[in-house]
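In case you want the letters, here they are:
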Amino acid sequence: MEQKDSSAGPLRGLAGRMVDAVVAPLVQPVMDAVDVDGVVDRIDVDELLARIDVDELLARIDVDALIARIDVDGLVARVDIDGLVARVDLNELLDRVDLDRLMARIDVNALMERVDVNSLMARTELGEVIARSTTGVFGQLVDAVRMAVMSLDLALHGLAARVLRRGDPSAQTGPGGIEVQSAVWRLRPQDRAVALQGRYAGAVSRFLAFLLDVAVLGAVFAMLGVLTTEALRIVANVSWSSADHRLLVSVLYVLWQLLYFAGLTAGTGRTIGKAVLGVFVVQEDGTPVTPRGAVLRTIAFPVSFLLFGAGFLLGVVRRDRRQLHDLVGGTAVVYAWDAETARLRAGTHTAAA
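Residues numbered from 1 in each chain as written. Predicted model: local features only at pLDDT ≥ 70, side-chain atom pairs only at ≥ 80, totals over all residues. Heavy atoms only, no water.

Caption draft 1: Up close: the nonpolar core. If you look at the biggest cluster of nonpolar residues, it comprises 16 residues, and the most contacted ones within it are M150, A193, L196, Y335 and W337. Secondary structure elements with two or more residues in this core: α13 (137-163), β3 (279-283), β4 (331-335) and α21 (339-352). Per-element accounting of this core gives the leading share, three residues, to α13. Discounting chain neighbours no more than four positions away, the residues touching M150 are A193, L196, Q197, Y335 and W337. F210, W256, Y260 and F301 belong to the second-largest nonpolar core, a separate cluster that totals seven residues. (Core = buried A, V, L, I, M, F, W, Y, C linked by side-chain atoms within 4.5 Å. Buried < 20%, exposed > 50% of the residue type's maximum accessible area, 1.4 Å probe, protein only. Helix = DSSP H or I, 4+ residues; strand = E, 2+ residues; numbered from the N terminus. Contact = heavy atoms within 4.5 Å.)

Printed below as a string of structure tokens:
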């Protein structure tokens, strides 16, 4: 067996050489005579591809091994980014973008929820722009007065709550089911002002607003009286003195007060005094005040003065801080001023200092 195997190698080698010597001279001329291009042209590529099982072919490819052999860094290094970008027609690319379809797929609410507004304001000059657009000695003074008066409101009503042994004296509510905002004393004045917007306004704010309205009423009425007297003297050559017509002047003053309070409240929800102190009249459910509510509360306003101002004191002991004329007119008074801008303005000036 071993002898037969040892001689098989040389025999096969000799046979191979003999076959090459005989076959090669015959095959080579045949191969040279074959028109390879013609053969390729006669191949039906579509039929050939149709007979290929692509799924089976892909299943036999080891993708991981293929990717492992790719030099990604070298491939990226060979890419001419500038040349690639230069060949991109941006106008044509933008024309092919369906903006309506793209916008329809964007969840704007989710996008806005992910925006950190405070961080955004801190990293931009938007807060400073707002502060500059609304800054001024008068604006800063009004902000300071409103915040100080809010603190007095909380102190007064907190004292009343303790005397009446009523829960948390710092709890603040508002009309229309506004949630309770507790522990407002722990906040900075600027943050406290923002937190109290929409909550029932306190008695101090309302009283100071009334005093300011009285001053405005008297000044405007006196100015109108002087203008009327001078007009009668110049145009009609009539000398008219208010001291000689006190009853008429009193009736006119009452009508002027009715027009001032009811007209401004029905039209804008606030008088001049309320606008300065940052308070606003609404219906008891939080909706805008109606003309009927404005007129009724104005007519009932003098009644609140009776019995040593018991109608006003009613607003100190009530949780909703509504006074007698509010109950008659079905109205309420809430804080309503741009406290957010005041906070931005205060933050900008603090940073600048």
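Caption draft 2: Layout of the packing of helix α16 (residues 246-268) against helix α18 (residues 291-300). As a packed pair, α16 and α18 sit with axes 8 Å apart at the nearest point and diverge in direction by 150°. On the basis of their axis angle, the class for α16 and α18 is roughly antiparallel. Note on packing geometry: the crossing formed by α16 with α18 is right-handed. Residues L258, F261, A262, T265 and A266 of α16 touch α18, and the partners they reach there are P291, A294, V295, R297, T298 and I299. (Axes fitted to C-alpha atoms, helices over the stretch in contact; angles between N-to-C directions. Parallel < 35°, antiparallel > 145°, perpendicular 65-115°, else oblique. Left-handed = near helix turned anticlockwise from the far one by under 90°.)

Caption draft 3: Seen up close, α16. Taking 1.5 Å per residue, 23 residues should reach 33 Å; α16 reaches 32 Å between its end C-alpha atoms and fits that length. Burial in α16 covers these residues: W256, Y260, F261, A262 and T265. Close packing links the buried residues of α16 with α15 (203-235), α17 (272-277), β3 and α18. Two residues or fewer past α16, G269 is found with a positive phi of approximately 85°. (Expected span 1.5 Å × (residues − 1).)

Caption draft 4: A look at the pattern of salt bridges. Across all of its chains, the model carries seven salt bridges by this definition. Put simply, R206 and D326 hold a salt bridge, and the shortest N to O gap is 2.6 Å. Of this pair, R206 sits in helix α15 while D326 sits in helix α20 (residues 324-329); the two residues are 120 residues apart in sequence, bridging distant segments of the chain. Overall, the relative accessible area of 10% leaves R206 in the buried class. D326 sits in the buried class, given a relative accessible area of 0%. (Salt bridge = Lys/Arg side-chain N within 4 Å of Asp/Glu carboxyl O.)

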